[in-house]
Amino acid sequence: MKEKDTIRRMFFEEGQNISNINKESGFDRKTIGKYINKTDWSNTVRFKEYKPSKLDKYKPDIDLWIENDKKMRTKQRHTAKRVFNRLKEKYTDFNISYRLTAYYVKEKKKEIYEVKESSLPLIHKEGEAQIDFGKAQFKEKGILYDGLYLAVSFPFSNAGFIQIIKGENFECFVFALSSIFNHINGVPHRQWYDNMSIAVIKILKGHDRKLTNSFIRFKEHYNYTAVFCNPGKGNEKGGVEAKVGYSRRNMLVPMPEFDDMDIFNKELLYLCDKDMNRMHYSKNKLISELFKEDLKYLNPLPSVPFENETYMRIRTDSYGKFTLDNKTYSSAPVLSNSTVGVIKSHDTVTVLDKDYKEVVRHERLYGEKSESIDWIPYLTQLSRKPAAFKYSGIYSMLPLSVKDFIEKTNPSKALKLLARLTKESNFDTAVSLMEKAIEYKTIDLDSLVTIDRMHKEIIDTQTLKLSHDTPKLNSLNLDLEKYDDFLNGGINVYNQ
């Protein structure tokens, strides 16, 4: 991914042609052209399980030795060869190649012995933006969140936009930033960040950074240059630092309360538009007029949207639960003690089985709530252990009449039937069938099975649409009173 980023930087930022790039990078011309013309940088999910390295067992020893070397004189520090020999001496079963060991030692030393960067210039031109997070509380549907908001500031014009989010993760970052891009119908060609973990893995020599693959895909998809400030140098992006405070005081006080965060975020964007109708602090022009100059220098939006989902593999426990970002989610009993696929977006967590079919979809948890359990997949297991019925989440989901029905009949059979009905239709329909059976006072399992069969035989027919050349027939009017007379022994309709 880094080589692709380098090729695009050489072409778009340095203005080099394909021939020069070919000479410097060693890539053939077709490959260079492919990466220059590529527009969709969304992640292509490859459903492959992680294969552990044979060296994993010995990495703690290597890490400890190299970390302790920081206290030693340079000439008394471990070389890759010395690490390799020490491992052979310590472990009789050590059979890792020297090449693999040396590569890991080299990478570990790069990680530990970091070099500080020099200062960055503070001149910002039209179309450049600074990005940062701020903290803010808000209530959605009556629930209090210690959330955040993403602020985007344009230093040239002093225009700014914000979007509230629930977490400082990659999916929330993409959701907020792409919403702002879409609103202004363009992408700032140069964007300044601090060294946030969403984007930066390591701070390298000079201005270089080792970036996460997710962030590289995002910035290449939107085709912009990312610049990272020196650690602890907030003044290098002072525009957005000030915008974070200004936006909180003027747009998030009093504390926002709403039912739909998406709707509220759209209102925030229009509020930001309105806020530009004031004078710039030093240029004696309206911010809205200056922002028009920023807009001229924006890069166009990509032709395809960026898919804001992350796929991962997670191990479940004996209850079929797993932990993601210190929050617990359920899968299904059949997936207990196994590895499941998980797709996370900014607001959902979806569990997949081994065939990549959706098992359950959760609302992604933020704030104080630490567990999300979807009890529906656990119905079959609950029918095998009916004593746990009253202590499960299913119990609180049922109306009182259905609870009594299950408890007063055979709980195991009743729960098994509820599970089957749920699987064949859905949970709400299954509960409705049970309520109907109770209403008819057929509170035995055989009657409920009959109602179930009747329910299955109902066919949802579609209205027949006739072609335009179908002839129209005159409507038939019947005098039903003559049939009434006939049935009452009166006039014989057949003689009329």
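About the cut-offs
Residues numbered from 1 in each chain as written. Predicted model: local features only at pLDDT ≥ 70, side-chain atom pairs only at ≥ 80, totals over all residues. Heavy atoms only, no water. Pairing = 2+ DSSP bridges. Helix = DSSP H or I, 4+ residues; strand = E, 2+ residues; numbered from the N terminus. Axes fitted to C-alpha atoms, helices over the stretch in contact; angles between N-to-C directions. Parallel < 35°, antiparallel > 145°, perpendicular 65-115°, else oblique. Contact = heavy atoms within 4.5 Å. Nonpolar A, V, L, I, M, F, W, Y, C, P; charged D, E, K, R; others polar. Core = buried A, V, L, I, M, F, W, Y, C linked by side-chain atoms within 4.5 Å. Buried < 20%, exposed > 50% of the residue type's maximum accessible area, 1.4 Å probe, protein only. Salt bridge = Lys/Arg side-chain N within 4 Å of Asp/Glu carboxyl O.

A. Local environment of the sheet that holds strand E11 (residues 327–330). If you trace the 3 strands from one edge of the open sheet to the other, you get E10-E11-E15, paired in mixed fashion. Of all strands in the sheet, those with a lone pairing partner are strand E10 (321–324) and strand E15 (371–372), marking the two edges. Of the strand pairs in this sheet, E10 and E11 are connected by 4 bridges, and their pairing is antiparallel. Bridge pairing in E11 links Phe322 to Tyr329.

B. A look at the packing of helix H7 (residues 170–184) against helix H8 (residues 213–222). Axis separation between H7 and H8 bottoms out at 12 Å; the angle between their running directions is 10 degrees. Relative to H8, H7 is oriented roughly parallel. Taken together, the residues of H8 that come into contact with H7 (itself represented by Phe170, Phe173, Val174, Leu177, Ser178 and Phe181) are Ser214, Phe215, Phe218 and Tyr222. Counted by class, the contact of H7 with H8 contains 8 nonpolar, 2 polar and no charged residues.

C. Highlighting the nonpolar core. Judged by nonpolar contacts, the single largest core of 57 residues is most densely connected at Phe173, Tyr193, Phe215 and Phe218. The greatest single-element share of this core, amounting to 10 residues, is contributed by H7. Grouped together as the second largest cluster of nonpolar side chains are 20 residues, Leu379, Phe389, Ile394 and Val431 included.

D. Spatial organisation of the pattern of salt bridges. Per the stated rule, a full pass over the model turns up 19 salt bridges. Glu107 is the partner of Lys110 in a salt bridge, and the nearest nitrogen-oxygen pair spans 3.8 Å. Pair noted here: Lys110 and Glu107 are both in helix H6 (residues 98–112), with a separation of 3 residues, about one helical turn. What makes Lys110 partly exposed here is its relative accessible area of 45%. We note a salt bridge from Glu171 to Arg364, for which the minimum N-O separation is 3.1 Å.

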